[in-house]
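Residues per chain, in single letters:
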Amino acid sequence: MTKQIDEAAVAHFAGRLAYETDPADVAADIGAGVTGWVLIDSRSRESWDQGHVPGAVHLPHREITERTAADVVPAGATVVTYCWGPGCNAATQAALAFARLGYPVKEMIGGFEYWVREGGPIETAAGVERRESDPLTAPRGVACAC
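Keep in mind it's a predicted model, so treat the numbers as computed, not measured. (Residues numbered from 1 in each chain as written. Predicted model: local features only at pLDDT ≥ 70, side-chain atom pairs only at ≥ 80, totals over all residues. Heavy atoms only, no water.)

Colleague: I'd like a description of the pattern of salt bridges, backed by residues and values.
Modeller: When charged atoms on two side chains of opposite charge get close, those side chains can pair. Under the defined criterion, the tally for this structure stands at six salt bridges. Across the salt bridge formed by Glu20 and Arg16, the nearest N and O atoms sit 3.3 Å from each other. Owing to a relative accessible area of 22%, Glu20 belongs among the partly exposed residues under this scheme. With a shortest N-O distance of 3.6 Å, Arg45 and Asp49 are connected by a salt bridge. Here Arg45 pairs with Asp49, and both are found in helix 3 (residues 45-50), just four residues apart, close to one helical turn. Under the relative-accessibility criterion, Arg45 is labelled partly exposed at 45%. (Salt bridge = Lys/Arg side-chain N within 4 Å of Asp/Glu carboxyl O. Buried < 20%, exposed > 50% of the residue type's maximum accessible area, 1.4 Å probe, protein only. Helix = DSSP H or I, 4+ residues; strand = E, 2+ residues; numbered from the N terminus.)

Colleague: Which residues make up the pairing of strand 2 (residues 37-41), and what are the values?
Modeller: Across the five residues that make up strand 2, a large majority, five, are buried. The two faces of strand 2 match: Trp37, Leu39 and Asp41 on one face and Val38 and Ile40 on the other face are all buried. With five bridges joining them, strand 2 and strand 4 (residues 78-82) adopt parallel strand pairing. Bridge assignment links Trp37 to a residue of strand 4, and that residue is Thr78. (Pairing = 2+ DSSP bridges.)

Colleague: Describe the packing of aromatic side chains, with residues and values.
Modeller: To describe a pair of aromatic rings, one takes the distance between the centres and the angle between the planes. Tallying each qualifying case throughout the model produces three aromatic pairs. Aromatic side chains Tyr82 and Phe112 sit 6.3 Å apart centroid to centroid with 20° between the ring planes, which places their arrangement in the stacked category. Remark: Phe112 occurs in helix 6 (residues 111-117) and Tyr82 occurs in strand 4; sequence separation between them is 30 residues. There is no split in this pair, since Tyr82 and Phe112 are both buried. Residues Phe98 and Tyr103 carry aromatic rings whose centres are separated by 5.6 Å and whose planes lie at 90° to one another, so their mutual orientation is edge-to-face. Among the residues examined, Tyr103 registers a relative accessible area of 19% and is labelled buried. One aromatic cluster is present, built from ring pairs that chain together Tyr82, Trp84 and Phe112. For Arg43, the ring lying beneath its charged end belongs to Phe112, and the centroid distance is 4.5 Å. (Phe/Tyr/Trp six-rings, centres within 6.5 Å; stacked < 30°, edge-to-face > 60°. Lys NZ or Arg CZ within 6 Å of the ring centre and 35° of its normal.)

Colleague: Account for helix 2 (residues 23-31), naming residues and giving values.
Modeller: N-cap assignment for helix 2: the residue whose side-chain oxygen lies 3.2 Å from the backbone N of Ala24 is Asp22. A positive backbone phi angle near 70° is found at Gly33, which sits one or two residues after helix 2. (Polar contact = N/O pair within 3.5 Å; in protein donor to acceptor, adjacent residues only side chain to side chain.)

Colleague: How would you summarise the sheet that holds strand 4 if you had to cite specific residues and measurements?
Modeller: Across the sheet, which stays open at both edges, the five strands sit in the order 1-5-4-2-3 with parallel pairing between neighbours. Strands at the two margins of the open sheet, each flanked by one partner only, are strand 1 (20-21) and strand 3 (57-58). In the sheet, strand 4 pairs with strand 5 (residues 105-108) via three bridges, with the strands oriented parallel. Paired with Val79 across the two strands is Val105, which belongs to strand 5. Set on the sheet, helix 5 (residues 90-100) makes contact with strand 2, strand 4 and strand 5; between it and strand 4 the angle comes to about 160°. (Contact = heavy atoms within 4.5 Å. Axes fitted to C-alpha atoms, helices over the stretch in contact; angles between N-to-C directions.)

Fair warning: the whole summary comes from geometry, so function is off the table for now.
Right, dumping it as structure tokens:
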């Protein structure tokens, strides 16, 4: 019996992986010191102040212009956008804005919500803290390991 390859499914999932990343992969890249990319927090100032991914740049999606993008993204860098979580599309809107400006871009699926739920560090004006991971999203003491 020969298996039929569903080329449409292959193209669909390959396309998603080309333009999406997740909190575990972002954390791994940060931990490994991978360069050549910029993490953009596209949420409101109030949300940013409550906590954000350390090293992220705050640029709400409504404020992305050719000038603001050039101010925060080095030439040739890939942009990774995030917003609050799966129920928010600000990261998608930010990714679209950067794509329209010609930047290579990915969206961090799950957003800040899953960054926190997976135990990622949180930065505020008071400093950096780390909360215990949610055992429903990331087993305690173990990364996703996908």
